[in-house]
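The residues making up each chain are set out below.
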Amino acid sequence: MDNPEKMEKVVNLAKQRGFIFPSSDIYGGLSAAYDYGPLGVELKNNIKKAWWKMFVNTRMDMVGLDAAIIMHPKVWESSGHLDNFSDPLVECKKCHKRFRHDHLLEGSSLSPKHDKAKPVDSDKIVCPDCSGELTGVKQFNMMFKTFMGPVEESANVVYLRPETAGGIFVNFKNVQESQRLRLPFGIAQIGKAFRNEITTENFIFRTREFEQMEIEYFINPKDWEKYFDEWLKLMREWAEFLGLDKKDLVEEEIPEKDRAFYSKRTIDFEYKFPFGQKELWGLAYRTDYDLSQHQKHSKQDLTYRDPITNEKYLPHVIEPSLGVDRSFLAVMLAAYTEIEGGRSTTTKAIKDKEVVLKLPYALAPIKIAVLPLSKKEPLANLSRDILMKLKQNFVCVYDETQAIGKRYRRQDEIGTPYCVTIDFDSLEDKQVTIRDRDTMEQDRIAIDELDKYFENKLG
Ligand code: GAP
């Protein structure tokens, strides 16, 4: 269900608390470009680190790659991106604003009064902004073009990659031979991708510069159904790890007419965002389309010979493709919780609405907040010692201003799992109080035991 208020609250929280800022903010911002702030970069890194750990480091059949963003233009010629990577564009004859025709047909860019349940008649569509007449549909190529070197001429045109997958395909042989890998195996990559989208929308949901986490899992084609199902299960596990509620996720089987022509099966993981149900990630059986194209155009042999059966063939791929920024947005929305009337009853100030960002502890940008009950010595000294020790293993903050209740709420709002409070008794008994974000239970723990305690809790 559409819920623009929730989206607005999350966008505001993201800016105010340093998760995400509009890019070039002091110059009025740049449309649909965003910067990840101090908390955002931690959360984003935690998502990427967890993905890498789950899908690369803890598996026997996966390796990683970090390929260049600017690749040989022939890569994109061979993959078909230069000819086919386009979206249908229409322009308003009156205000000259441009729109994606398919989005207008879905009704997703029409005015809020539009009834989305009713199909839109292509001929009757007018500009959603000024009701002007629209032009006919043209295909608009989304590749970001630039020039390599100082001379801006066609011979020097290069492109920013529109997906990280390209770097994986062209390195298939390098990786397989250097690592002496046997099929099935996968290559994972995390990195930036660029698309000159006709329209951008909904904060970090659709931008022109974004990040992907992609895997190409190379298989013998006879096994494709088995591995497709395996990756489907793994993507469900990943969604659960991120804290996404099953009821907000829809697995959409993409019918043949809507699939990329080379895909034999695609399932989109759609998420019920506050602005509608939209694609979060995709899982595709891309066949041997990419390797066969690169083999043809590069004239290099990209086939694989099975050392046991001696069978020689071009591997096929199963491709789980995930957007980092869309994952980030879904994680923030799933975690954002408002508690009417507040959770604590001790102070009047905390009787009103409370916000808790219930991030999975492994993803929380700050793991521990160190909160001395007094700014003055000797408590400050002891508290800073505790902070510096904990900082060796965990991302921590120090907050000594305002009442302790307010400080707890500030940490709840950014999802910090634990607060360590140092009081005057701590000077005598060498213990501190630890408060858990979700249960609000408090433990009294010896200062010397803190590292072990958090190691157990946070791993
Ligand atoms: N290699 C396959 C591929 O790139 P895609 O469906 O075009 O497939 C994969 O993109 C994922 O990348 C999407 O599911 C989404 O999470 C993310 N993504 C694509 N375009 C995006 C954009 N303009 N802004 C943010 N994320 C985007």
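You'll find the structure just up there.
Throughout what follows, the structure given in this document is the object of discussion.

Parameters at a glance
Residues numbered from 1 in each chain as written. Predicted model: local features only at pLDDT ≥ 70, side-chain atom pairs only at ≥ 80, totals over all residues. Heavy atoms only, no water. 1 Å grid on protein atoms, 1.4 Å probe; cavity = no way out; pocket = protein on both sides within 12 Å on 5 of 7 lines; lining within 4 Å. Points joined across faces, edges and corners; volume = space filled by probe spheres on them. Nonpolar A, V, L, I, M, F, W, Y, C, P; charged D, E, K, R; others polar. Near = heavy atom within 4 Å. Polar contact = N/O pair within 3.5 Å; in protein donor to acceptor, adjacent residues only side chain to side chain. Areas by Shrake-Rupley, 256 points an atom, 1.4 Å probe, with all protein chains shown as cover. Helix = DSSP H or I, 4+ residues; strand = E, 2+ residues; numbered from the N terminus. Axes fitted to C-alpha atoms, helices over the stretch in contact; angles between N-to-C directions. Left-handed = near helix turned anticlockwise from the far one by under 90°. Contact = heavy atoms within 4.5 Å. Buried < 20%, exposed > 50% of the residue type's maximum accessible area, 1.4 Å probe, protein only.

### Some words on empty space enclosed by the protein
Here's step 1: Enumeration over the complete set of coordinates arrives at one cavity of 30 Å³ or more.
Here's step 2: Roughly 30 Å³ of internal volume is contained in the largest cavity.
Here's step 3: Lining the largest cavity we find Trp51, Phe55, Ile215, Trp231, Met235, Pro320 and Leu322.
Here's step 4: Considered class by class, the residues forming the lining of the largest cavity number seven nonpolar, no polar and no charged.

### Focus: the site of the ligand
Here's step 1: Near the ligand lie 19 residues; those nearest to it are Glu163, Glu197, Glu214, Glu279 and Leu280.
Here's step 2: Note that a nitrogen atom of the ligand is positioned 2.8 Å from one of the backbone N or O atoms of Thr207.
Here's step 3: One nitrogen or oxygen atom from the main chain of Gly323 is found 3.0 Å from an oxygen atom belonging to the ligand.
Here's step 4: A total of 560 Å² of accessible area belongs to the ligand in isolation, and the protein chains cover 88% of it.
Here's step 5: Those elements giving two or more residues to the shell around the ligand turn out to be strand 11 (209-219), strand 14 (276-287) and strand 17 (316-323).
Here's step 6: Of all the elements, strand 14 adds the most residues to the shell around the ligand, at five residues.
Here's step 7: Of the residues contributing to the shell around the ligand, the split by class is five nonpolar, five polar and nine charged.

### Topic: the packing of helix 2 (residues 38-57) against helix 8 (residues 224-241)
Helix packing geometry: the angle between the two helix axes and the distance between the axes.
Here's step 1: One way to put it is that helix 2 packs onto helix 8 with a least axis distance of 12 Å and a crossing angle of 145°. Crossing handedness for the pair helix 2 and helix 8: right-handed. Note on element contacts: helix 8 touches helix 2 through Trp231, Leu234, Glu237, Trp238 and Phe241, opposite Ile47, Ala50, Trp51, Met54 and Phe55.
Here's step 2: Here the contact of helix 2 with helix 8 is built from residues that sort into nine nonpolar, no polar and one charged.

### Things to note about the side chain of Thr207
Here's step 1: Considering the arrangement of structural elements, one finds Thr207 in the loop between strand 10 (185-194) and strand 11.
Here's step 2: Assessed through its relative accessible area of 5%, Thr207 is described here as buried.
Here's step 3: Polar side-chain contacts of Thr207 include one of 2.9 Å to the backbone oxygen of Glu209.

### Notes on the side chain of Ser23
Here's step 1: Along the chain, the position of Ser23 falls in the loop between strand 1 (20-22) and strand 2 (34-36).
Here's step 2: Residues contacting Ser23, with those up to four places away along its chain left out, are Gly29, Leu30, Ala33, Tyr34 and Asp35.

### A look at the environment of His103
Here's step 1: Mapping His103 onto the fold places it in helix 5 (residues 101-106).
Here's step 2: Taking relative accessible area as the criterion, His103 reaches 4% and is therefore assigned buried.
Here's step 3: Between the C-alpha atoms of His103 and Asp35, which are 68 residues apart in sequence, the distance is 26 Å.

### Details of the environment of Asp325
Here's step 1: Within the fold, Asp325 resides in helix 10 (residues 324-335).
Here's step 2: Under the relative-accessibility criterion, Asp325 is labelled buried at 7%.
Here's step 3: Separated by 281 residues in sequence, Asp325 and Lys44 place their C-alpha atoms 8.0 Å apart.
Here's step 4: Setting aside residues up to four positions removed in sequence, Asp325 forms contacts with Tyr36, Lys44, Ile204, Phe210 and Glu211.

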